[in-house]
Amino acid sequence: MNRWWLWAVGGVGGVVLAVAGWKTFFSPDPGAALIVLVVTGGLLLVSPFLLPRLEALVLGVDGFQLRLVREMAQHGAPETARLLDNTELAEIAQAYGVIHTQLVGGTFYTVRKQVQDHLAARAAAFASQRTFNPDEVKLLFPTASGPVRVLLLGLMQGDPRLVDVASLAEAITVPVTRNEQYQALVLVERNLRRFSEADRATLMAAIDSADLGRDDSDRQKIVDQIRALPL
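Residues numbered from 1 in each chain as written. Predicted model: local features only at pLDDT ≥ 70, side-chain atom pairs only at ≥ 80, totals over all residues. Heavy atoms only, no water.

With that settled, consider the overall build of the chain. For the chain, the count of helices and strands is 12 helices and 0 strands. For the chain, the N- to C-terminal ordering of α and β elements is α-α-α-α-α-α-α-α-α-α-α-α. The proportion of buried residues among the 231 residues of the chain is 43%. Expressed as a percentage of contacts within the chain between residues at least 6 apart in sequence, the contacts between residues at least 24 apart total 70%. If you sum the accessible surface of the chain, you get close to 12100 Å²; carbon and sulfur atoms cover 58% of it. (Helix = DSSP H or I, 4+ residues; strand = E, 2+ residues; numbered from the N terminus. Buried < 20%, exposed > 50% of the residue type's maximum accessible area, 1.4 Å probe, protein only. Contact = heavy atoms within 4.5 Å. Areas by Shrake-Rupley, 256 points an atom, 1.4 Å probe, with all protein chains shown as cover.)

As structure tokens, then:
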């Protein structure tokens, strides 16, 4: 298929991004409108690479779902694979995988975060309606990809029985994405008083050694709330 129109759209995106960058450089306070302009220009710019991948996703969703389910079963989680088979969670995870690969950099952080938040929220809702095996979730987490790790953290948010201290500590200290770390901190805040003293010590040690980004980040705010919780 002739893809000349995609490259035309990409060219428009380049122009929009250049104009937005020029205005941002000379403006002390770019404001929301310019930020939207930057995001729009960036999305248009990468469209020649992103849209064919998304088209392939739409055409091959079933194949991805089967692959995701098969990999989970092969890693010792057949019950989890069976429960996730034929759900929208695999589609959302794959969509995030494409976005995370193509829309890199701080400009697109909000887009990536929105998709990850949606994935975690849908997984939490699903886990509240199904019964997952905690041992399988724990087994899957260390070797899972970024999108699947967020999916698993979402399952933990929906079913406290699935919460695993070792997985949370790993997500906090060596996250694949910043939003994965955020989702893990949310779980710590919600469940801190349920943990044993030893588990709380493990989690606080992980928080102490973690790179939380800027002082005003959402992650730092959650850490401050965790430290203020009465035990």
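With respect to the helices, strands and loops of the structure, V115 is situated in helix α6 (residues 109-127). Sequence separation of V115 and A93 is 22 residues, and the distance between their C-alpha atoms is 8.7 Å.

Every buried residue of helix α12 (residues 218-228) is listed here: R219, Q220, I222, V223 and I226. Taken around the axis of α12, the buried residues stretch over an arc of 160°, which confines them to a single face. Those residues of α12 that are buried lie in contact with α10 (178-191) and α11 (197-209). (Arc of directions from axis to C-beta.)

Ranked by size, the top nonpolar core spans 47 residues in total, and within it L152, M156 and L168 carry the most contacts. Looking at this core, the element that brings in the most residues is helix α8 (residues 146-158), giving 7 residues. (Core = buried A, V, L, I, M, F, W, Y, C linked by side-chain atoms within 4.5 Å.)

Two numbers describe how helix α9 (residues 165-173) lies on α11: the axes approach to 8 Å, and their chain directions differ by 10°. Here α9 lies roughly parallel to α11, going by the angle between them. Residues V165, L168, A169, I172 and T173 of α9 touch α11, and the partners they reach there are D199, T202, L203, A206, I207 and S209. (Axes fitted to C-alpha atoms, helices over the stretch in contact; angles between N-to-C directions. Parallel < 35°, antiparallel > 145°, perpendicular 65-115°, else oblique.)

Another point: the pattern of salt bridges. A full pass over the atoms with the stated rule returns 5 salt bridges. A salt bridge links E170 to R149, with the shortest nitrogen-to-oxygen separation between them at 3.3 Å. In this pair, E170 sits in helix α9 while R149 sits in helix α8, placing the two residues 21 residues apart along the sequence. Its relative accessible area of 2% is what places R149 among the buried residues. Across the pair R161 and D159 runs a salt bridge, and its minimum N-O distance is 3.1 Å. Residue class for D159 comes out buried when judged on its relative accessible area of 9%. Taken together, the shared-partner salt bridges connect R149, E170 and E180 into one network. (Salt bridge = Lys/Arg side-chain N within 4 Å of Asp/Glu carboxyl O.)

The next thing to look at is the side chain of Q181. Tracing the backbone shows Q181 in helix α10. A relative accessible area of 1% means that Q181 is categorised as buried.

The subject of this paragraph is the environment of V188. In this structure, V188 sits in helix α10. As a C-alpha pair, V188 and A169 span 19 residues in sequence and 9.4 Å in three-dimensional space.

Enumeration over the complete set of coordinates arrives at 1 aromatic pair. For the ring pair F126 and F132, a centre distance of 5.9 Å and an interplane angle of 65° mean the geometry is edge-to-face. Each member of the pair, F126 as well as F132, carries the same accessibility label: buried. (Phe/Tyr/Trp six-rings, centres within 6.5 Å; stacked < 30°, edge-to-face > 60°.)

When pLDDT is averaged across the chain, the result is 74; 61% of the residues are at 70 or more. The lowest-confidence element of the chain is helix α2 (residues 31-59), averaging 45 in pLDDT; the highest-confidence one is α9, averaging 97. With pLDDT under 50 throughout, residues 22-26 is counted as low confidence; its partners more than four residues away or in other chains account for 4 contacts. When the criterion is pLDDT under 50, residues 28-64 qualifies, and its contacts beyond four places in sequence or with other chains add up to 54 contacts. (pLDDT = per-residue confidence, 0-100.)

For α8, built from 13 residues, the straight-helix expectation of 18 Å at 1.5 Å per residue is met to within 8% by its first-to-last C-alpha distance of 19 Å. Burial runs high along α8: 12 of the 13 residues are buried. For α8, the set of buried residues is G146, P147, V148, R149, V150, L151, L152, L153, G154, L155, M156 and Q157. (Expected span 1.5 Å × (residues − 1).)

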